[in-house]
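Chain and residue survey
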Amino acid sequence: MASKVRFSSRLYAFLDGISSLGLKVGIPIAIVAVGYFVSVLFGSRIKELDKLAAEDSAYFFNSLKVAATGLTAASAVVVISIIIRFYYEEFVGQSLSVFGALVYFGAPEAFGRFVNAPNQQAAWVVASIVREACLVGAICLVPGLVLVIRDCILRIWRGISVRRILESRWGDERERERRKKPKFYGKCWDMAYCREFVRQVCPAFKSKKACWRIKTGCYCDEHTILMAMAGKGNGNESYKGILHSLGIDGQSKKPKVSAKAKRMRCRRCGIYAEHQRQKYRLLSPMVFPAVIFAIYVFYGQITIYIQTALHSTDKFISFLSNKTVADYSFAADERMITILAVVWLGIIAISYALRTLEYMIFDLQV
């Protein structure tokens, strides 16, 4: 056991060190490469490519190739290092997938709007940089989507697990839960919390309304549990005095509790936490068909936007290549790219929908 712990510690230390080194080396290389490409695109050198000597032209294109290779390698190293260091953080998958999608699908359109190619060699250079940008976008997009899918699965698993409420239980609910099959979405007296001796005096059970509806019950109102524990002590004069001092003998008035205080009691209650868990277990599977239905309804508009972007990209690539028809057409793979874009959109929508649902149920406790 001790050897496994030492191995795990060494492995974590190694991964931490190697990922830190990857970020320290990869980020500067990526910044330098991007800076070089920006200087090429917006500098004066690209306008004079057709006037360069053969030796200078070869040196320029070789430096362009080195910068592209460095950016590809640095991007891969940075993405892997970020995933290693922040593997359990949800923002990693979402950030990588969003950034990758913007770069992969938006780079051709952005270059077409803001970059001019004055000659054929310049057009080839710009097209090469566009392809490199799309490659960097794919390097971020693919692992980002994988992490987003993982986060969706883990989010549902955490939402329906009982770990959220274990610390709020009295102690023997798990044992009683095994003896009694719980309802999928029940009232408070259907759960493993309810005890027979409390049920006899519980206002929720008597009114047949869940305790979170009337804002009083055995976990939040001390009078309820004291009355239940008082049970058979009504014949004892001393005990009657105690009940009178506590205000639960019917002669003294119970202290008034504001509606805000009652809501706060529910927020801290283990029974209400279990109720919210059941609610999340019921609603979370509905997110998937809801998102799929929304995409189905708006699929026509989505495909129109994607097709417009693809045709604009083809037009831009053709212009850069100085050809009527480009060597590669994005529109030729329109169906596949559209499906990929819709899948990406669906995964992101499901992720944020689950995140919103979890926030509303467990944080806002709607």
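Along each chain, residues carry numbers from 1 onward, in the same order as the chain's sequence is written. Whole-chain, interface and lining totals are the exception, using all residues; otherwise, since this is a predicted model, local features are given only for residues with pLDDT of at least 70 and side-chain atom pairs are given and counted only at 80 or more. The basis for every side-chain value is the complete set of heavy atoms in the structure, and neither hydrogens nor water enter the calculation.

**Some details on a nonpolar patch on the surface**
The condition is simple: Patch building starts from residues that exceed 30% relative accessible area and form no salt bridge, then joins like charges within 9 Å and nonpolar side chains (Val, Leu, Ile, Met, Phe, Trp, Tyr) within 5 Å. What sets the accessible areas is the Shrake-Rupley method with a 1.4 Å probe; for residues, cover comes only from the shown protein chains. The rule for a salt bridge is simple: a side-chain nitrogen of Lys or Arg has to be within 4 Å of a carboxyl oxygen of Asp or Glu. By the criteria applied, helices consist of DSSP H or I runs no shorter than four residues and strands consist of E runs no shorter than two, each listed in order from the N terminus.
Together, Phe7, Leu11, Tyr12, Phe14, Ile18, Leu21, Val25, Ile29, Ile80 and Ile84 line one region of the surface with nonpolar side chains, adding up to about 980 Å² of accessible area. When residues of the nonpolar patch are traced back to their parent elements, those giving at least two are helix H1 (2–42) and helix H2 (54–85). Per element, the largest residue contribution to the nonpolar patch is 8 residues, and it comes from H1.

**Points about helix H12 (residues 270–297)**
Cut-off, in case you're wondering: Expected helix span is given by 1.5 Å per residue-to-residue step, counting one fewer step than there are residues. Across the chain, bend at a residue is computed as the angle between axes fitted to the seven residues ending at that point and the seven starting from it.
Its 28 residues place the ends of H12 40 Å apart at the C-alpha level, agreeing with the 40 Å of an ideal helix rising 1.5 Å per residue. At Val287, H12 shows its strongest bend, of approximately 25°, with the proline Pro289 following within four residues.

**Structural notes on the packing of aromatic side chains**
As a reminder of what qualifies: Only Phe, Tyr and Trp rings are paired, with Trp represented by its six-membered ring, and only when their centres lie within 6.5 Å; those with planes under 30 degrees apart are stacked, over 60 edge-to-face, the remainder tilted. Only protein chains enter the area calculation, which uses a 1.4 Å probe; residues under 20% of their type maximum are buried, those over 50% are exposed, and those in between are partly exposed. Criterion for a charge above a ring: Arg CZ or Lys NZ at most 6 Å from the ring centre, at most 35 degrees from the ring normal.
The final tally for this structure, using the stated rule, is 7 aromatic pairs. Arranged with centres 5.1 Å apart and planes meeting at 85°, the rings of Tyr87 and Tyr88 form a pair that is edge-to-face. For Tyr88, a relative accessible area of 72% gives the class exposed. Between Trp212 and Tyr272, the aromatic rings sit 6.4 Å apart at their centres with planes inclined by 55°, giving tilted as the arrangement. Of the two residues, Trp212 sits in helix H8 (residues 211–214) while Tyr272 sits in helix H12, which places them 60 residues apart along the sequence. Trp212 gets classed as buried once you look at its relative accessible area, which sits at 7%. The exposure class of Tyr272 is buried, given its relative accessible area of 11%. In this structure an aromatic cluster arises from ring pairing among Phe60, Phe61 and Trp124. We note Arg150 situated over the ring of Tyr87; from NZ or CZ to the ring centre the distance is 4.6 Å. Positioned over the ring face of Phe205 is Lys208, at 3.7 Å from the centre of the ring.

**Thoughts on the nonpolar core**
Short version of the rule: To qualify as a nonpolar core, a set must consist of buried Ala, Val, Leu, Ile, Met, Phe, Trp, Tyr and Cys residues joined through side-chain atoms within 4.5 Å. We call two residues in contact when some of their heavy atoms are within 4.5 Å.
By size, the foremost hydrophobic cluster in this structure holds 25 residues, and its most contacted members are Phe37, Leu49, Leu71, Phe111, Val125, Val126 and Ile129. Mapped by element, the contributors of at least two residues to this core are H1, H2, helix H3 (90–114) and helix H4 (120–160). Considering every element that reaches this core, the biggest residue donor is H4, with 8 residues. Not counting chain neighbours up to four residues away, the residues in contact with Val125 comprise Val40, Leu49, Phe60, Phe61 and Leu64. Formed by 22 residues, the second largest nonpolar core is a distinct cluster that contains Ala101, Leu141, Ile348 and Leu357.

**A closer look at the environment of Ala67**
Within the secondary structure, Ala67 sits in helix H2. For Ala67 and Ile29, which are 38 residues apart along the polypeptide, the C-alpha to C-alpha distance reads 8.9 Å.

**What to know about the pattern of salt bridges**
Between side chains of opposite charge, a pair can form as their charged atoms come close. Counted according to the given criterion, the structure contains 3 salt bridges. Linking Arg277 and Glu274 is a salt bridge whose minimum nitrogen-to-oxygen distance equals 2.8 Å. Residue Arg277 and its partner Glu274 are located together in helix H12, separated by 3 residues, close to a single helical turn. As far as the burial class goes, Arg277 and Glu274 line up, both buried.

**Some words on the confidence of the model for the protein**
Our working rule: pLDDT is a residue-level measure of predictor confidence that goes from 0 to 100.
Averaged over all residues, the pLDDT of the protein equals 76, while 75% of them reach at least 70. Ranking the elements of the protein by mean pLDDT puts helix H5 (residues 173–179) last, at 51, and H2 first, at 89. Considering only residues more than four positions removed or in separate chains, one finds that residues 164–168, a stretch of pLDDT under 50, has 12 contacts. Taken as a whole, residues 323–328 scores under 50 in pLDDT and shows 7 contacts with residues more than four places along the chain or in a different chain.

**As for unusual backbone geometry**
Positive phi outside glycine occurs at Lys208, with the angle close to 60°. Mapped onto the secondary structure, Lys208 falls in the loop between helix H7 (203–207) and H8. Look at Lys215: it is not a glycine, yet its phi comes out positive at around 60°. Inspection of the secondary structure assignment puts Lys215 in the loop between H8 and helix H9 (222–230).

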